[in-house]
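Fold and geometry: a report
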Amino acid sequence: SSYLSEGGRNVDTLAAIGDDFDRQLVTRLLHNLKSSSAAIGAQAFSALCRVAEQAAREDDWDAVRRHIPELVVAFEPVRAAVAARLQDEGEARHE
């Protein structure tokens, strides 16, 4: 799934940001994660991304840095649920 690969890359990129980072990139990654997560029904994760994105748009980078570890942890069950759903759908097609 493109959500799994792109979302995973986005979360990994956010997890790796240091003190010197591209603020526009971080804002865009948060926006993309928010939108794509909402589109697949991961509303709670999308809401976390929305809060971090809003902080980024308000130039509250300390808040963004505080939210990123939470997003990284919260993405794991989303990733697992999406992977399980894709596997179930794949098995259903072959029955």
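Just so it is clear, the structure is predicted and the values come from calculations on it, not from any experiment.

One pass over the structure, following the stated rule, counts three aromatic pairs. Taking the centre distance of 6.0 Å and the plane angle of 45 degrees together, the rings of Tyr-3 and Phe-75 count as tilted. With Tyr-3 in helix α1 (residues 2-15) and Phe-75 in helix α4 (residues 61-93), this pair connects stretches of sequence that are 72 residues apart. Of the two residues, Tyr-3 and Phe-75, neither departs from the other in class, the shared state being buried.

Now for the pattern of salt bridges. The final tally for this structure, using the stated rule, is four salt bridges. Between Arg-57 and Glu-53 there is a salt bridge, with its nearest N and O atoms 2.7 Å apart. In this pair, Arg-57 and Glu-53 both sit in helix α3 (residues 43-57), four residues apart, roughly one turn of the helix. With a relative accessible area of 52%, Arg-57 lands in the exposed category. The exposure class assigned to Glu-53 is buried, which follows from its relative accessible area of 5%. Notably, a salt bridge pairs Arg-79 with Glu-76, separated by 3.2 Å at the nearest N-O pair.

Bringing the environment of Ser-5 into the picture now. Within the secondary structure layout, Ser-5 lies in helix α1. The sequence separation of Ser-5 and Arg-79 amounts to 74 residues, and the corresponding C-alpha distance is 9.5 Å. At a separation of 3.3 Å, a polar atom in the side chain of Ser-5 contacts the main-chain carbonyl oxygen of Ser-2.

Once that is clear, we can look at the nonpolar core. Of all hydrophobic cores here, the largest spans 23 residues; its most connected members are Tyr-3, Leu-14, Val-26, Leu-30, Phe-45 and Val-64. Contributions of two or more residues to this core are made by α1, α2 (23-40), α3 and α4. Residue contributions to this core peak at eight residues, all from α4. The contacts of Tyr-3, once residues within four sequence positions are left out, are Gly-8, Ser-36, Ser-37, Ile-40, Phe-45, Phe-75, Val-78 and Val-82.

What follows deals with unusual backbone geometry. The residue Asp-59 is not glycine, and still its phi comes out positive at about 60 degrees. Note on placement: Asp-59 falls in the loop between α3 and α4. Here Asp-59 falls in the exposed class, since its relative accessible area comes to 55%.

The rules behind the values
Residues numbered from 1 in each chain as written. Predicted model: local features only at pLDDT ≥ 70, side-chain atom pairs only at ≥ 80, totals over all residues. Heavy atoms only, no water. Phe/Tyr/Trp six-rings, centres within 6.5 Å; stacked < 30°, edge-to-face > 60°. Helix = DSSP H or I, 4+ residues; strand = E, 2+ residues; numbered from the N terminus. Buried < 20%, exposed > 50% of the residue type's maximum accessible area, 1.4 Å probe, protein only. Salt bridge = Lys/Arg side-chain N within 4 Å of Asp/Glu carboxyl O. Polar contact = N/O pair within 3.5 Å; in protein donor to acceptor, adjacent residues only side chain to side chain. Core = buried A, V, L, I, M, F, W, Y, C linked by side-chain atoms within 4.5 Å. Contact = heavy atoms within 4.5 Å.

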